[in-house]
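Chain and residue survey
What follows is each chain in one-letter form.
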Amino acid sequence: MNQELMDIVDRGKILMLRIAVCIVGITVLVSCIYWLPWQANVFADMYPEFTHLKYPLLIGIYMTAIPFFFALFQVLKLLGYIDNNKAFSELSITSIKYIKFCAITISAWYLAGIVTLISQNARNPGILLIGLVIIFASIVIAVFATVLQKLCKNAVDIKSENDLMI
């Protein structure tokens, strides 16, 4: 009975994480559809000398949304593997690897965007700060994913060795 209760609690935690990932995804999607174009128009009105950067910046941000949503999909797959007791498998390692590459891609795109803004003398501190925060957060995620990938790989190797000994 106690083990059944623990399984229910674990499934509840996985469900909560899935819900949180979906909420994050929906929030970013709604922001991309409604808030970002509105904010681009506001900045274009506030700084008419940088109106020519409006669409390149929007396209750049939308380009980073692609790896972001792919990473969220990989997180959902990883949660499924954990829920099915396949946390330490090659499938999990592959999902973590994709998450790492998505985080690196996002960092690279935002770094390129910041360099572009600086080269155009469009040094709005708010936009640059948001870009730097996104770069930093993506790098932290990439480092964490790298460590997690290595730990999971070691666990899979140990599990394989143990299976061969039996």
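Below is a short write-up of the structure. (Residues numbered from 1 in each chain as written. Predicted model: local features only at pLDDT ≥ 70, side-chain atom pairs only at ≥ 80, totals over all residues. Heavy atoms only, no water.)

Some points on a nonpolar patch on the surface
Taken together, I26, L29, V30, I33 and Y34 make up a surface patch of nonpolar side chains, about 510 Å² in accessible area. As for its placement among the helices and strands, V30 is situated in helix α1 (residues 2-46). (Patch = residues over 30% accessible without salt bridge, like charges linked within 9 Å, V, L, I, M, F, W, Y side chains within 5 Å. Areas by Shrake-Rupley, 256 points an atom, 1.4 Å probe, with all protein chains shown as cover. Salt bridge = Lys/Arg side-chain N within 4 Å of Asp/Glu carboxyl O. Helix = DSSP H or I, 4+ residues; strand = E, 2+ residues; numbered from the N terminus.)

Focus on the nonpolar core
In terms of nonpolar packing, the biggest core is built from eight residues, these being L53, I106, Y110, I114, L117, A122, L128 and I135. Where this core is concerned, the elements lending two or more residues are α3 (90-119) and α4 (125-165). Of all the elements, α3 adds the most residues to this core, at four residues. For I135, the residues in contact, after removing those within four places along its chain, are S107, Y110, L111 and I114. In this structure, Y81, I96, C152 and V156 belong to the second largest nonpolar core, which totals seven residues. (Core = buried A, V, L, I, M, F, W, Y, C linked by side-chain atoms within 4.5 Å. Buried < 20%, exposed > 50% of the residue type's maximum accessible area, 1.4 Å probe, protein only. Contact = heavy atoms within 4.5 Å.)

With respect to the packing of α3 against α4
Between α3 and α4, the shortest axis-to-axis distance is 8 Å and the interhelical angle comes to 160°. Considering their axes alone, α3 and α4 lie roughly antiparallel with respect to each other. In terms of crossing hand, the pair formed by α3 and α4 is left-handed. Looking at the contact of α3 with α4, its residues break down into 22 nonpolar, six polar and four charged. (Axes fitted to C-alpha atoms, helices over the stretch in contact; angles between N-to-C directions. Parallel < 35°, antiparallel > 145°, perpendicular 65-115°, else oblique. Left-handed = near helix turned anticlockwise from the far one by under 90°. Nonpolar A, V, L, I, M, F, W, Y, C, P; charged D, E, K, R; others polar.)

Some thoughts on the environment of F101
Along the chain, F101 turns up in helix α3. Residue classification places F101 among the partly exposed residues on the basis of a relative accessible area of 43%.

Re unusual backbone geometry
Look at N85: it is not a glycine, yet its phi comes out positive at around 60°. Inspection of the secondary structure assignment puts N85 in the loop between α2 (54-83) and α3.

Some words on α3
Across its 30 residues, α3 extends 43 Å between first and last C-alpha, which sits within 8% of the 44 Å expected from 1.5 Å per residue. Phi for N121, located one or two positions after α3, is positive at around 55°. (Expected span 1.5 Å × (residues − 1).)

Topic: α2
Over its 30 residues, α2 extends 43 Å from the first C-alpha to the last, a length consistent with the 44 Å expected when each residue adds 1.5 Å. Count one or two residues on from α2 and you reach N85, which has phi positive near 60°.

Some details on the pattern of salt bridges
Considering all chains together, one arrives at four salt bridges under this definition. The salt bridge partner of D83 is R11, with a shortest N-O separation of 3.2 Å. You can see D83 sitting in helix α2 and its partner R11 sitting in helix α1, a full 72 residues away along the chain. Here R18 and D83 are joined by a salt bridge, their closest N and O atoms 3.9 Å apart. Of this pair, R18 sits in helix α1 while D83 is found in helix α2, placing the two residues 65 residues apart along the sequence. A residue is classified by how much of its surface remains accessible, and R18, at 27% relative accessible area, is partly exposed. One salt-bridge network, held together by shared partners, links R11, R18 and D83.

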